[in-house]
Amino acid sequence: MGPKSDPASRSPALSPLGLWNPLQVASQFQSPLGPDFKSLAQEPFGLQEKQLLQGPVKPLDWRYPVVPEVQRELAVDFQLRQPVTPSSVAVQCGENRVLVEVQQDFFSNGQLIQPTGLSLGGCPVVGQDPESRVLIFDYEFQNCISLLMMNEDELVYTFSLTYTPEALAGTPITRADGAIVGVQCHYQRLQNVSSDALRPTWFPYASTKAGEEVLLFSLKIMMDDWSYQRPSYSYFLGDVINIEASVYQYNHVPLRVFVDRCVATQVPDVNSLPRYSFIENHGCFVDAKTTASSSRFMPRSQVDKIHFQLEAFMFHEGNSLSIYITCILKATIASAPSDAQRKSCSFANGWIAADGNDQVCGCCDSTCGPDEFAASPYGGW
């Protein structure tokens, strides 16, 4: 019989990884406590689980942290301040000149504008009052760019007072926006305006001359229903501008008016750039064909008037949002039929005439005749 090894001297069994494994030791030696101990060794956590389940349960005393309530701010009566139209421009109209005074606090916000950023029809500031902080323009009408409009009762000279902001000194920023203010001088018309001196209307010679030699044309922006002249010249992109061209006949035989050509520019100079010719070739309304717009001549209802609609637009280049429209109008005897040089043609899947004679529009894709106004100041467009 070989020598017996002392159980106490045995080394504990090692797992394949070299770690001590108590389950292996229990399986090699018979425990003096009997088989129940073996079952406990195989389930080392069973007794603990039973004890946890069977033992007395202590009530939990942990609670979620309470977030302190933040006192709400009291509601205040706040209203966003609306811009106030500044009263910073004063105008005095003379017989042949205009005087404009502009507060340097142009926007009434405490920020003073620089004189170099302000112009009146392209003319710079001519004077300055440092004490009252006033900038002064004093020019004759013909010295600055203006627009002359005429209606039945008045002559109206319109100038654009333009402010272009400059960066604050030493910085790339500005705290002012650009602005354009319309300046107008209105003059009552006593009679027809011509190169001759005005005469009282009861003079037979004057009335005869008005009837035989003077034709007064008019171009007006009209309301949507064409009943009255539109009081505002502001439009949004997508709007339709209703324009009425007319001729005053006086003692003439009935006359028929035509729009020979129209051009749009950013300043009141038809030869300036950029410019857009939307009626050309003796009455061909090319805007609809060029841009697929809804622009057109309306069917004629009166021989001495012609209505047309122009879809609003703006120039892609340039800072000015103003658009000036200049048209050449002409009139013929109403009984004379329309022809290639006297017509009103619109494009809608083909050329159609406002007077119903569509054949006269056949030349709109080519040339409809010589330029009758080549020698005029507007012959270049």
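The following paragraphs examine the structure supplied in this document. Being a predicted model, the structure only gives us computed values, none of them experimental.

1. Re the nonpolar core
So, step 1. Of all hydrophobic cores here, the largest spans 23 residues; its most connected members are V259, F278, I279, F297 and F308.
So, step 2. Contributing elements (two or more residues each) for this core: β11 (240-248), β12 (255-265), β13 (275-280), β16 (305-311) and β17 (324-333).
So, step 3. Ranked by residue count, the leading element in this core is β12, at 5 residues.
So, step 4. Filtering out sequence-adjacent residues up to four positions away, I279 remains in contact with V259, D260, R261, C262, C284, F285, F297 and F308.
So, step 5. One finds V102, F106, C123 and C185 within the second-largest nonpolar core, a separate group that totals 20 residues.

2. What about the pattern of salt bridges?
So, step 1. Overall, the coordinates contain 8 salt bridges when judged by the stated rule.
So, step 2. A salt bridge links R97 to E140, with the nearest nitrogen and oxygen atoms 3.7 Å apart. Here R97 is found in strand β2 (residues 97-103), whereas its partner E140 is found in strand β6 (residues 134-140), with 43 residues between them in sequence.
So, step 3. The class for R97 is partly exposed, based on a relative accessible area of 31%.

3. Section: the sheet that holds strand β10 (residues 216-222)
So, step 1. Taken in spatial order, the 4 strands of this open sheet run β10-β11-β16-β15, and their pairing is antiparallel. Strand pairing shows two members of the sheet lacking a second neighbour, β10 and β15 (296-297), which therefore form its edges.
So, step 2. Pairing analysis gives 2 bridges linking β15 to β16, with the strands arranged antiparallel. Bridge assignment links F297 to a residue of β16, and that residue is F308.

4. So, the state of the cysteines
So, step 1. The full count for this structure, using the stated rule, is 6 disulfides.
So, step 2. The disulfide that involves C262 links it to C327, with 1.9 Å between the sulfurs. Judged by the sign of its S-S torsion, about 110°, the cystine formed by C262 and C327 is right-handed. You can see C262 sitting in strand β12 and its partner C327 sitting in strand β17, a full 65 residues away along the chain.
So, step 3. For C262, a relative accessible area of 0% corresponds to the buried category.
So, step 4. The side chain of C345 participates in a disulfide bridge whose partner is C361; the two sulfur atoms lie 2.0 Å from each other. Sign of the S-S torsion, about -85° for the bond between C345 and C361, identifies this disulfide as left-handed.

5. A closer look at the side chain of T332
So, step 1. Among the secondary structure elements, T332 is positioned in strand β17.
So, step 2. Apart from residues no more than four positions distant in its own chain, T332 is found in contact with P254, L255, R256, F258 and R342.

6. With respect to the packing of aromatic side chains
So, step 1. Within the structure shown, the criterion is met by 11 aromatic pairs.
So, step 2. An angle of 80° between the planes, with centres 5.5 Å apart, marks the rings of Y276 and F313 as edge-to-face. Of the two residues, Y276 is situated in strand β13 and F313 in the loop between β16 and β17; the sequence distance between them amounts to 37 residues.
So, step 3. Y276 sits in the buried class, given a relative accessible area of 18%.
So, step 4. Ring geometry for F313 versus F315: centroids 6.0 Å apart, planes at 85°, classification edge-to-face.
So, step 5. Every member of this aromatic cluster is reached through a ring pair, and the members are Y276, F278, F285, F297, F308, F313 and F315.
So, step 6. For the cation-ring pair, R230 lies above Y235, with the distance from its terminal atom to the ring centre recorded as 4.0 Å.
So, step 7. The side chain of R300 reaches across the aromatic face of F258, ending 5.3 Å from its centre.

7. Remarks on the pairing of strand β7 (residues 147-150)
So, step 1. Across 4 bridges, β7 lies against strand β8 (residues 154-163) in antiparallel orientation. In the strand pairing of β8, L147 is matched with T158.
So, step 2. Counting the residues that bridge the hairpin from β7 to β8 gives 3 residues.

8. Overview of the pairing of β16
Note on strand geometry: in a regular strand, side chains alternate between the two faces of the sheet.
So, step 1. Across the 7 residues that make up β16, a large majority, 5, are buried.
So, step 2. Pairing geometry for β11 and β16, over 7 bridges, is antiparallel. Paired with A245 across the strands is I306, a residue of β16.

9. Considerations on the environment of M223
So, step 1. By secondary structure assignment, the location of M223 is in the loop between β10 and β11.
So, step 2. On the basis of relative accessible area, M223 is assigned to the partly exposed category, the value being 34%.

10. Considerations on the sheet that holds strand β1 (residues 89-93)
So, step 1. Pairing in this open sheet of 4 strands is antiparallel, and the strands run β1-β2-β6-β5 from one edge to the other. Because the sheet does not close on itself, it has two edges, and the strands there are β1 and β5 (127-129). Shown here is a sheet whose adjacent strand axes are inclined to one another by a mean of 20°, direction ignored.
So, step 2. Where β1 meets β2, 5 bridges bridge the pair, whose relative direction is antiparallel. Its bridge partner being in β2, V89 is matched across the sheet by V102.

Parameters at a glance
Residues numbered from 1 in each chain as written. Predicted model: local features only at pLDDT ≥ 70, side-chain atom pairs only at ≥ 80, totals over all residues. Heavy atoms only, no water. Core = buried A, V, L, I, M, F, W, Y, C linked by side-chain atoms within 4.5 Å. Buried < 20%, exposed > 50% of the residue type's maximum accessible area, 1.4 Å probe, protein only. Helix = DSSP H or I, 4+ residues; strand = E, 2+ residues; numbered from the N terminus. Contact = heavy atoms within 4.5 Å. Salt bridge = Lys/Arg side-chain N within 4 Å of Asp/Glu carboxyl O. Pairing = 2+ DSSP bridges. Disulfide = S-S within 2.5 Å. Phe/Tyr/Trp six-rings, centres within 6.5 Å; stacked < 30°, edge-to-face > 60°. Lys NZ or Arg CZ within 6 Å of the ring centre and 35° of its normal. Axes fitted to C-alpha atoms, helices over the stretch in contact; angles between N-to-C directions.

Function cannot be read off these values alone, since they describe shape.
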